[in-house]
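# Chain and residue survey
If you want the building blocks of each chain, they are given just below.
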Amino acid sequence: MTRKHFITFILIITNTLAVLPQAGRGVYRFLDLPVSSRMAAIGGTNVSLRDNDVNFAFVNPALLTGETDGVIGLNMANYLSDIKFGTAVYGHNFGEKNFMSIGVQYVDLGKFDGRDVLDVEQGTFTAKDMALYVSYARPLNRFFSVGATFKPIVSAYEQYTSVGAAFDAGVSYKDSTGLFSAGLVVRNAGLQLKGYYPDEDGSQHREPLPLDIQLGVSKKFAHAPFRFSLTLHNLQRWDLSYVTDNKTQTNLDGTTSVHSISAVDMAFRHAVFGVEFVPSNNFYLALGYNHRRHQEMVVSGFKSMAGFSFGGGVKLYKFHVGFGMTQYQVGNYAYQFSISTALDEFKNL
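The written sequence of each chain sets the order in which its residues are numbered from 1. This being a predicted model, a pLDDT of at least 70 is required before a residue's local features are given, and a value of 80 or more before pairs of side-chain atoms are given or counted; all residues contribute to the totals for chains, interfaces and linings. Where side-chain values are given, they derive from all heavy atoms of the structure, hydrogens and water being excluded.

## Section: the overall build of the chain
Selection rule: Think of it this way: any DSSP run of H or I at least four residues long counts as a helix, any run of E at least two long counts as a strand, and we number them from the N terminus. Whether two residues touch is decided by their heavy atoms; if any such pair falls within 4.5 Å, the residues are in contact. Accessibility throughout is a Shrake-Rupley quantity obtained with a 1.4 Å probe, and a residue counts as covered only by protein chains that appear here.
Regarding its fold elements, the chain presents four helices and 16 strands. The long-range fraction of contacts in the chain, counting pairs at least 24 apart against all pairs at least 6 apart in sequence, stands at 55%. Roughly 18000 Å² of accessible area belongs to the chain as shown, and the carbon and sulfur atoms make up 61% of that amount.

Structure follows, in structure tokens:
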């Protein structure tokens, strides 16, 4: 990485740390959803795995490679309460060192019955979020690549609309053996250009975007078909607690309790663990654990797999097909499906 690239990267970080929202606050939280079935299966995010999966450009644009040229990826998830979300992406390269992709991420919250304050029916309305991803990556040498993404964002809930713009900037490293890789990315740096509603003085009510600095490593064994990944997220903010954490609360039976988070627990809330069984390039099984999701979604007194995720993928004919399953709360699973193919596969048909 040149000095110019390094200085630019540091400036992006420092200029976007001015406003750090507390956990659960801010807008466009759909940007944190898993972008593919494989991403969902290994814990929800991974910024280090550079193995020519074009979908990974959604989380780190530096993961685009020469092999993502002409690859199309389609991903769809059946979320909670019939909510649908997904992504679509296409990779295209210009020459040997200019890697690009264009993609879209969306959430469709469905149709709602509208009622006024007197409970009179007012018809139906919808709620949708969408972001466009325009990504570019370039290798600096045979080990390092850098990339950036520009993301226009549109959100529309009934009569309330919002427009924003975000940027991602990432770095990727892969060693000469191809067994170890690492990544660093600043995600969702930007601002809300138009708020959902105005303030009392008539100005736009703007909220912060879900800024996220992530650092990850992936390691595959030379003589065993296993790959392990560790991704650290929200490195710009240590405290991931909510306003009700670490405070005295009154329970329904009149007793009081304090929901406190230890330093060790907080540290693990920044970590996502993933392991893959990859006997070949045409098949994989994956398992992930997201400790923050587990701690926030688990229900006391109930057995829950919240925070754990599973999935797998296989190449069928000319298509790579994937499936991921994640439990966000007791009894509710989110199922994610992916399919991708390279257009070059059909040139000789």
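## Here we look at the nonpolar core
Selection criterion: Remark: nonpolar core denotes a set of buried residues (Ala, Val, Leu, Ile, Met, Phe, Trp, Tyr, Cys) joined through side-chain atoms within 4.5 Å. Think of it in three bands: residues with accessible area under 20% of the maximum for their type are buried, residues over 50% are exposed, and the middle band is partly exposed, with areas taken using a 1.4 Å probe on protein chains only.
With 34 residues, the main nonpolar core has Tyr 28, Phe 30, Leu 31 and Ile 153 as its most contacted residues. For this core, the elements supplying multiple residues, two or more each, are helix 2 (37-41), strand 1 (71-78), strand 2 (84-93), strand 3 (99-115), strand 4 (121-139) and strand 13 (283-290). Among the elements that take part in this core, strand 4 stands out by supplying three residues, more than any other. Residues contacting Phe 30, with those up to four places away along its chain left out, are Gln 105, Val 107, Asp 129, Met 130, Ala 131 and Ile 153.

## What about the packing of aromatic side chains?
For clarity, the threshold we go by: For Phe, Tyr and Trp, rings pair up if their centres lie within 6.5 Å, where Trp contributes its six-membered ring, and each pair is then called stacked (planes under 30 degrees apart), edge-to-face (over 60) or tilted (otherwise).
In the structure shown here, the tally under the stated rule is 15 aromatic pairs. Ring centres of Phe 150 and Phe 167 lie 5.3 Å apart, and the angle between their planes is 40 degrees; this geometry places the pair in the tilted category. With Phe 150 in strand 5 (residues 144-157) and Phe 167 in strand 6 (residues 160-174), this residue pair connects regions lying 17 residues apart in the sequence. Judged by relative accessible area, Phe 150 falls into the partly exposed class, the value being 35%. An aromatic cluster is built from Phe 143, Phe 144, Tyr 173 and Phe 180, whose rings are joined through pairwise contacts.

## Describing the side chain of Asp 265
Secondary-structure assignment places Asp 265 in helix 3 (residues 263-268). Using a relative accessible area of 14% as the deciding quantity, one classes Asp 265 as buried. Beyond its immediate chain neighbours, meaning those up to four positions away, Asp 265 contacts His 291 and Gln 295.

## Regarding the pairing of strand 3
For clarity, the cut-off: Any two strands with at least two DSSP-identified bridges between them are counted as paired.
Relative to strand 3, strand 2 is paired through 10 bridges, and the arrangement is antiparallel. Across the sheet, His 92 pairs through a bridge with Met 100, a residue of strand 3. A loop of five residues connects strand 2 with strand 3, the two strands running antiparallel in sequence, and Gly 95 in this loop sits at a positive phi of about 75 degrees. Here 14 bridges tie strand 3 to strand 4, and the two strands are oriented antiparallel to one another. Pairing of Asp 113 across the sheet is with Thr 124, part of strand 4. Count of turn residues in the strand 3/strand 4 antiparallel hairpin: five residues, of which Asp 119 carries a positive phi of about 65 degrees.

## Description of the environment of Arg 206
The cut-off we apply is this: By the criterion applied in these results, polar contacts are pairs of N or O atoms within 3.5 Å in which, for protein atoms, one can donate a hydrogen and the other can accept it, and in which residues neighboring in sequence qualify only through two side-chain atoms.
Its location among the elements puts Arg 206 in the loop between strand 7 (180-194) and strand 8 (212-220). Counting along the chain gives 44 residues from Arg 206 to Ser 162, while the straight-line C-alpha distance between them is 9.4 Å. Residues contacting Arg 206, with those up to four places away along its chain left out, are Gln 192 and Leu 193. Within polar-contact distance, the side chain of Arg 206 engages the backbone oxygen of Leu 193 at 3.1 Å.

## A closer look at the confidence of the model for the chain
Put simply, the test is: Confidence of the prediction at every residue is given by pLDDT, a number between 0 and 100.
Per-residue pLDDT for the chain has a mean of 86; in total, 87% of the residues score no lower than 70. Per-element averaging of pLDDT across the chain places helix 1 (residues 3-16) at the bottom with 45 and strand 9 (residues 226-232) at the top with 97. Overall, residues 5-22 carries pLDDT values under 50, and its contacts beyond four positions in sequence, including any with other chains, amount to 25 contacts.

## Quick look at the pattern of salt bridges
Applied cut-off: By definition, a salt bridge exists where a carboxyl oxygen of Asp or Glu is found within 4 Å of a side-chain nitrogen of Lys or Arg.
Enumeration according to the criterion identifies 12 salt bridges in this entry. A salt bridge links Asp 53 to Arg 38, with the shortest nitrogen-to-oxygen separation between them at 3.4 Å. Of this pair, Asp 53 sits in the loop between helix 2 and strand 1 while Arg 38 sits in helix 2; the two residues are 15 residues apart in sequence, bridging distant segments of the chain. According to the relative accessible area criterion, Asp 53 is buried, its value standing at 16%. Classification of Arg 38 as buried rests on a relative accessible area of 9%. Where Arg 38 meets Glu 276, a salt bridge forms, and the shortest distance between an N and an O atom there is 3.0 Å. Of this pair, Arg 38 sits in helix 2 while Glu 276 sits in strand 12 (residues 271-280); the two residues are 238 residues apart in sequence, bridging distant segments of the chain. Each of Arg 38, Asp 51, Asp 53, Arg 227 and Glu 276 takes part in one network of salt bridges that share partners.

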